[in-house]
Amino acid sequence: MGSVHPYTTAAGAKRYRISYRRPDHKQTTERGFKTKRDAELRLAEVELSKSRGEYVDPASARATVADLGREWLAHREGILKPSSYRPLQSAWGKHVEPKWGSRSVGSIRHSEVQAWVSGMQGGSTTVRRAHGILAGILDIAVNDRRLARNVARNVDLPKKTKNAPRHYLTHAQVQLLADHAREPTLVLFLAYTGLRWGEATALRVRHVDALRRRVNVEENAVLVSFEVHVGTPKTHRTRSVPYPSSSPCRSRGSPRGGAATRSSWEAEPRTIRCHGR
């Protein structure tokens, strides 16, 4: 068991400190309690947390959000696609670090987080993303036994914005759009295969089966900070998609621009180009 001891500050005020052994059996103290009862309550809280295996060393809670935030971002960068990581990095620099970076994780209160979320400018996606970053960082602090609980959880967040109704083009509208496009066959290809733009731009010769008129969607190309990143599709799953005979994809470099044969698709490296009729 620990003990409570009175002491006098340099200003002559009476205060109390507690002494106890941490789970690693090292002696430690906490001071600054104004009343003996406050000190006793804190000591009882410490002893209960030790018995439950939930003890948190107050010194560990002095780590700042900026320190843990850099670790959290580095971890996310290693597992996310560049297109998913970039918005997190931006939200960290714009919303989270300026507000919380210099704060120790143990000093943050639930009411402060709620006030920050409620007063943040931007849509629900912006607010939810920024809050998710702070909550994720404090989750790490809890797992590392720097905090007993995550004060950023159970916060009232803005409702997600409802998706706008989808509108689909008729065959005539698709053809009209293609007729006025610089790459009409590409427009038709996208319209009738349902490929995402990044999936279509990432297509290579080896992904196309010209005889069966199918493309294998294996990669996705996205532009992030003026740099193209090629990775897996959004769902991380490959799929085979038929393309219509009215919109044949041709191989750049095929004889006279004609439709590619099976053998002509095998050469690498090549890219797919959809030529207008």
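The following refers to the structure shown. (Residues numbered from 1 in each chain as written. Predicted model: local features only at pLDDT ≥ 70, side-chain atom pairs only at ≥ 80, totals over all residues. Heavy atoms only, no water.)

Moving on to the overall build of the protein chain. Across its full length, the protein chain holds eight helices and 10 strands. When the 277 residues of the protein chain are sorted by exposure, 35% land in the buried category. Per element, the accessible surface of the protein chain, about 17,500 Å² overall, is 50% carbon and sulfur. (Helix = DSSP H or I, 4+ residues; strand = E, 2+ residues; numbered from the N terminus. Buried < 20%, exposed > 50% of the residue type's maximum accessible area, 1.4 Å probe, protein only. Areas by Shrake-Rupley, 256 points an atom, 1.4 Å probe, with all protein chains shown as cover.)

A few words on the layout of surface pockets. For the largest pocket, the calculated volume is near 560 Å³. A class-by-class count of the residues in the lining of the largest pocket yields 10 nonpolar, two polar and seven charged. (1 Å grid on protein atoms, 1.4 Å probe; cavity = no way out; pocket = protein on both sides within 12 Å on 5 of 7 lines; lining within 4 Å. Points joined across faces, edges and corners; volume = space filled by probe spheres on them. Nonpolar A, V, L, I, M, F, W, Y, C, P; charged D, E, K, R; others polar.)

Attention now goes to the pattern of salt bridges. On inspection of all chains with the given rule, the structure shows 14 salt bridges. In this structure, Arg212 engages Asp209 in a salt bridge whose closest nitrogen and oxygen atoms are separated by 3.7 Å. With a relative accessible area of 54%, Arg212 lands in the exposed category. Beyond isolated ion pairs, a larger network of salt bridges with shared partners links Arg204, Arg206, Glu218 and Glu219. (Salt bridge = Lys/Arg side-chain N within 4 Å of Asp/Glu carboxyl O.)

Turning to the sheet that holds strand β1 (residues 3-8), a few remarks are in order. Overall, antiparallel pairing links the three strands, which are arranged β1-β2-β3 in an open sheet. Single-partner strands in this sheet number two, and they are β1 and β3 (27-33). The average angle at which neighbouring strand axes cross in this sheet is 30°, direction not considered. Bridge count for β1 against strand β2 (residues 14-21) is six bridges, and the pairing is antiparallel. Bridging across to β2, Ser3 finds its partner in Ser19. With respect to the sheet, helix α1 (residues 36-52) is in contact with β1, β2 and β3, its orientation differing from that of β2 by roughly 15°. (Pairing = 2+ DSSP bridges. Axes fitted to C-alpha atoms, helices over the stretch in contact; angles between N-to-C directions. Contact = heavy atoms within 4.5 Å.)

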